[in-house]
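# Chains, contacts and geometry: an overview
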Amino acid sequence: MKSHLDEIWKNENELERGEEGVAKRNARERRRVEAVNYAFTRLRRLIPLETRGKRVSKVKTLQKAIEYIAELQHLLQLEMETEAGCHEGYCDKYYFNRYNAG
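Residues numbered from 1 in each chain as written. Predicted model: local features only at pLDDT ≥ 70, side-chain atom pairs only at ≥ 80, totals over all residues. Heavy atoms only, no water.

### Focus on the confidence of the model for the protein
This is how the line gets drawn: You can read pLDDT as the predictor saying how much it trusts each residue, on a scale of 0 to 100. Each helix is a run of DSSP H or I of at least 4 residues and each strand a run of E of at least 2, with the numbering of both proceeding from the N terminus.
When pLDDT is averaged along the protein, the result is 79; 64% of the residues meet or exceed 70. The least confident element of the protein, judged by mean pLDDT, is helix α3 (residues 93-100) at 56; the most confident is helix α2 (residues 58-83) at 91.

And the structure:
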């Protein structure tokens, strides 16, 4: 059975851990936000953006990255079709399947 002093001691320890815990959580959150911001900075450098000196939002950066990846996929698909012997929607299925198989 716990005594009144045990309860006080427990509450004091929880307060100390709580304050330290909050500081640790805040530090962890700051590091996480810094990592996310750094990743967005790197992403902005890799995709074509028309910024004209303005900072681009994270949402706009993601939208532009998605568009850019889709464009690259389309170009890659065209290149694969060209190498596989496709012309105006017709593909030599033997070469196309063989090329796409890896």
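### Observations regarding a positive patch on the surface
Test applied: Within the patch definition used here, like charges are joined within 9 Å and nonpolar side chains (Val, Leu, Ile, Met, Phe, Trp, Tyr) within 5 Å, considering only residues with over 30% relative accessible area and no salt bridge. The Shrake-Rupley method, run with a 1.4 Å probe, gives the accessible areas here. Residue values count only the displayed protein chains as cover. Salt bridge, as applied in this entry: a Lys or Arg side-chain nitrogen positioned within 4 Å of an Asp or Glu carboxyl oxygen. Neither His nor the chain ends contribute to the count of charged residues, in which Lys and Arg are positive and Asp and Glu negative. A charge is said to be at NZ when it belongs to Lys, at CZ for Arg, at CG for Asp and at CD for Glu. Three exposure classes are used, based on accessible area relative to the maximum for each residue type with a 1.4 Å probe and protein chains only: buried under 20%, partly exposed in between, and exposed over 50%.
On the surface, Lys24, Arg25, Arg28, Arg30 and Arg31 cluster together into a patch of positive charge. Inspection of the secondary structure puts arginine 25 in helix α1 (residues 4-46). According to the relative accessible area criterion, arginine 25 is partly exposed, its value standing at 46%.

### Describing the pattern of salt bridges
Tallied over the entire structure, the rule returns two salt bridges. Among the salt bridges present, the one from arginine 32 reaches glutamate 29, with a minimum N-O distance of 2.7 Å. Here the residue arginine 32 and the residue glutamate 29 both occupy positions in helix α1, the gap between them amounting to three residues, near one helical turn. By relative accessible area, which is 45% here, arginine 32 ends up partly exposed. Note that glutamate 67 and lysine 64 form a salt bridge whose closest N and O atoms lie 3.6 Å from each other. You can see glutamate 67 and its partner lysine 64 sitting in helix α2, three residues apart, about one turn around the helix.

### Quick notes on α2
This is how it is decided: To estimate how far a helix should extend, the number of its residues minus one is multiplied by 1.5 Å.
A rise of 1.5 Å per residue sets the reference length of α2, with its 26 residues, at 38 Å; its end C-alpha atoms lie 37 Å apart and thus fit the reference within 8%. The set of residues buried in α2 consists of Thr61, Ala65 and Met80.

### So, a nonpolar patch on the surface
A cluster of nonpolar side chains, Leu72, Leu75 and Leu78, forms an exposed patch at the surface whose accessible area comes to about 260 Å². In this structure, leucine 75 sits in helix α2. By relative accessible area, which is 53% here, leucine 75 ends up exposed.

### Notes on the side chain of arginine 44
Here is the rule: Contacts described as polar in this section are N or O atom pairs within 3.5 Å, which, within protein, must combine one atom able to donate a hydrogen with one able to accept it, while residues neighboring in sequence count only if both atoms come from side chains. Note on definitions: a residue-residue contact is assigned when non-hydrogen atoms from the two residues lie within 4.5 Å.
By secondary structure assignment, the location of arginine 44 is in helix α1. Within the local environment of arginine 44, its side chain forms a polar contact with the side chain of threonine 61, the two groups lying 3.1 Å apart. The contact partners of arginine 44, leaving out residues within four places of it in the chain, are Leu49, Arg55, Val56, Ser57, Lys58 and Thr61.

### Remarks on the side chain of threonine 61
You can see threonine 61 is positioned in helix α2. Overall, threonine 61 belongs to the buried group, its relative accessible area being 0%. The contact partners of threonine 61, leaving out residues within four places of it in the chain, are Phe40, Leu43, Arg44, Ile47 and Val56.

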